[in-house]
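As a plain string of letters, each chain reads:
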2 protein chains.
Amino acid sequence: HSRLPGYATHQLGVAGAALDVDTGKVLVVQDKNKTTNAWKFPGGLSDPGEDIGNTAVREVFEETGIKSEFKSLLSVRQQHRHPGAFGISDMYIICRLQPSSFNISFCQQECLRCEWMDLEELAKTKDTTPITSSVAKLLLYGYREGFDKIDIAMREFPAVYTGLFYKLYHRELPDTYKNMTEVS
Amino acid sequence: HSRLPGYATHQLGVAGAALDVDTGKVLVVQDKNKTTNAWKFPGGLSDPGEDIGNTAVREVFEETGIKSEFKSLLSVRQQHRHPGAFGISDMYIICRLQPSSFNISFCQQECLRCEWMDLEELAKTKDTTPITSSVAKLLLYGYREGFDKIDIAMREFPAVYTGLFYKLYHRELPDTYKNMTEVS
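Predicted model, so just to flag it, every value in this text is computed and none were measured.

Caption draft 1: Broad picture of the overall build of chain A. Within chain A, the secondary structure is distributed over four helices and eight strands. Going from the N terminus to the C terminus, chain A shows its helices and strands as β-β-β-α-β-β-β-α-α-β-β-α. Overall, the C-alpha framework of chain A stretches about 60 × 45 × 30 Å when taken along its three principal axes. Taken across its 184 residues, chain A has 56% of its residues classed as buried. The contacts of chain A with a sequence gap of at least 6 include a subset with a gap of at least 24, amounting to 62%. For chain A, the exposed area adds up to about 8,200 Å²; of that, 50% sits on carbon and sulfur atoms. A gap of 4 Å separates the mean positions of the 21 positive and 24 negative side-chain charges of chain A.

Set out below in structure tokens:
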């Protein structure tokens, strides 16, 4: 597959759900140029060559001033635009982040508001988007019953052709399975 | 996010892991034009405007003649090529499929071999790629201990702006969380 010719069909957007596990509060923003005041996770478009987790961490910092570390993928959305016209499609990924700073200094150009909101409040509010609401409920489930229930974990592998590393995201695999090999 | 201007940076490849749960065998192919005889899951590039699951089902049928139904996402890989040149990046997604036909009639242009292989054999063999091996181990774990351990489930939502539906993939969420709403 990886050596097939092809052209880019998707843009990639990444958002970060930065949850402070000590307080149960999560970082949310309201975009400045939208008609409805919907709370959502900060995020934006991936730069060329940028890894998913790095986009989430960078966008969260640029929009809100909060520093964070990538933990896992939570959700993937694929959306097609321009029905019938076969335009560019969107992939939109939300990551779980661990914040390491807490003083908000948000971007006045992009955001109308930015705050640490109680995760249960975000999971229940109508002032949000359907995706944010779903992922807030998912994150609340993980926060209460263990992040292993919701996390799509990251592993790194060396790429044969480029000498680079690439990242593979899937559910955590027990070591007994990871270490399976044929008897030679 | 979804209304930001942007351009496509990623091509999307999708493969299908079609597991016959009655026999424990999974559908694998060897590509014709590769130097090493590595078993892998059939797949290929997504057509513009095509949903992930539809790409998997179509590619599996075109390569192998096997009909199947989409069940879940198993893994997502992001890979950048052309280090420093900021070229197109790859997203490569492997889906879990439920086969509904079993007589292989494989594409002679694309495939050297195609067979139903015992999943445990695929999980243990060295004649495969690192990603196929990882996902085979993951699928074996799910086959033995419940697919709910490994599945990234699909939900469909109406899109506000286009009138289309879009698909969101995340871990299964218990109904008690799905139905949470604020007391009004």
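Caption draft 2: The arrangement of the interface of chain B and chain A in detail. Of the residues lining the interface, 74 residues belong to chain B; the matching set on chain A comes to 74 residues. When chain B packs against chain A, the two sides together hide about 7,100 Å² of surface, and 61% of this comes from carbon and sulfur. The tally of links from chain B across to chain A stands at zero salt bridges. Linking chain B with chain A are 23 residue pairs in polar contact (both at pLDDT 80 or more), by the criterion used here. Within the residue set of the side of chain B that touches chain A, elements represented by two or more residues are strand 1 (10-20), strand 4 (68-80), strand 5 (89-99), helix 2 (119-124), helix 3 (130-145), strand 7 (153-158), strand 8 (165-170) and helix 4 (175-178) of chain B. Ranked by the residues each element gives to the side of chain B that touches chain A, the list is headed by helix 3 of chain B, at nine residues. When grouped by side-chain class, the residues that make up the side of chain B that touches chain A number 34 nonpolar, 18 polar and 22 charged. The pairing of strand 8 (residues 165-170) of chain A with strand 4 of chain B spans four bridges and is antiparallel.

Caption draft 3: Structural detail: helix 1 (residues 52-64) of chain B. Residues and elements named next belong to chain B. For helix 1, with 13 residues, the first-to-last C-alpha span of 18 Å sits near the 18 Å given by 1.5 Å per residue. Of the residues making up helix 1, those classed as buried are I52, G53, T55, A56, R58, E59, V60, E63 and T64. Backbone geometry just downstream of helix 1 places G65 in the positive-phi region, at approximately 80 degrees.

Caption draft 4: Structural context of helix 3 (residues 130-145) of chain A. Residues and elements named next belong to chain A. Between its first and last C-alpha, helix 3 extends 22 Å over 16 residues, near the 22 Å set by a 1.5 Å rise per residue. Of all 16 residues that make up helix 3, twelve are buried, and the element is covered over most of its length. The set of residues buried in helix 3 consists of I131, T132, S133, S134, V135, A136, K137, L138, L139, L140, Y141 and G142. Remark: G146 follows helix 3 within two positions and exhibits a positive phi of approximately 115 degrees.

Caption draft 5: Inspection of the side chain of E63 of chain A at higher detail. Residues and elements named next belong to chain A. One can find E63 in helix 1 (residues 52-64). Separated by 3.2 Å, the side chain of E63 and the backbone nitrogen of G43 make a polar contact. Discounting chain neighbours no more than four positions away, the residues touching E63 are V29, P42, G43, S105, F106, C107, E110 and C111.

Caption draft 6: Spatial organisation of the environment of F61 of chain A. Residue and element names in this part refer to chain A. Structurally, F61 is set in helix 1. Taking relative accessible area as the criterion, F61 reaches 42% and is therefore assigned partly exposed. It is 9.1 Å that separates the C-alpha atoms of F61 and S105, two residues lying 44 residues apart in sequence. Contact partners of F61, with chain neighbours within four places excluded, come to I66 and K67.

Caption draft 7: Main features of the nonpolar core. The biggest cluster of nonpolar side chains holds 42 residues, and the ones touching the most others in it are C95 of chain A together with C95 of chain B. When near neighbours in sequence (up to four residues on either side) are disregarded, C95 of chain B contacts V14, A15, G16, A17, I52, A56, F70, S72, L73 and L74 of chain B.

Caption draft 8: Quick look at the state of the cysteines. All names here are of chain B. One pass over the structure, following the stated rule, counts zero disulfides over all chains. The thiol sulfur of C95 is not disulfide-bonded, and the nearest other cysteine sulfur, from C114, lies at 17 Å. Cysteine C111 is unpaired, with the sulfur of C107 as its nearest cysteine sulfur at 6.0 Å.

Caption draft 9: Structural detail: the packing of aromatic side chains. Scanning the entire structure with this criterion turns up eight aromatic pairs over all chains. Judged by centre distance (5.8 Å) and plane angle (40 degrees), the rings of F102 of chain A and W116 of chain A are tilted. Linking F102 of chain A in the loop between strand 5 (89-99) and strand 6 (111-118) with W116 of chain A in strand 6, this pair joins segments that are 14 residues apart in sequence. With a centroid separation of 5.8 Å and an interplanar angle of 15 degrees, the aromatic rings of F157 of chain B and Y166 of chain B are classed as stacked. Judged by its relative accessible area of 11%, F157 of chain B falls in the buried class. Classification of Y166 of chain B as buried rests on a relative accessible area of 6%. Over the face of the ring belonging to Y166 of chain A we find R77 of chain B, whose NZ or CZ atom lies 5.5 Å from the ring centre. The side chain of R96 of chain B reaches across the aromatic face of F147 of chain B, ending 3.8 Å from its centre.

Cut-offs applied
Residues numbered from 1 in each chain as written. Chains lettered and ligands numbered in written order. Predicted model: local features only at pLDDT ≥ 70, side-chain atom pairs only at ≥ 80, totals over all residues. Heavy atoms only, no water. Helix = DSSP H or I, 4+ residues; strand = E, 2+ residues; numbered from the N terminus. Buried < 20%, exposed > 50% of the residue type's maximum accessible area, 1.4 Å probe, protein only. Contact = heavy atoms within 4.5 Å. Areas by Shrake-Rupley, 256 points an atom, 1.4 Å probe, with all protein chains shown as cover. Lys, Arg positive; Asp, Glu negative; His and termini not counted. Charge placed at Lys NZ, Arg CZ, Asp CG, Glu CD. Buried area = accessible area lost by both parts, 1.4 Å probe. Salt bridge = Lys/Arg side-chain N within 4 Å of Asp/Glu carboxyl O. Polar contact = N/O pair within 3.5 Å; in protein donor to acceptor, adjacent residues only side chain to side chain. Nonpolar A, V, L, I, M, F, W, Y, C, P; charged D, E, K, R; others polar. Pairing = 2+ DSSP bridges. Expected span 1.5 Å × (residues − 1). Core = buried A, V, L, I, M, F, W, Y, C linked by side-chain atoms within 4.5 Å. Disulfide = S-S within 2.5 Å. Phe/Tyr/Trp six-rings, centres within 6.5 Å; stacked < 30°, edge-to-face > 60°. Lys NZ or Arg CZ within 6 Å of the ring centre and 35° of its normal.

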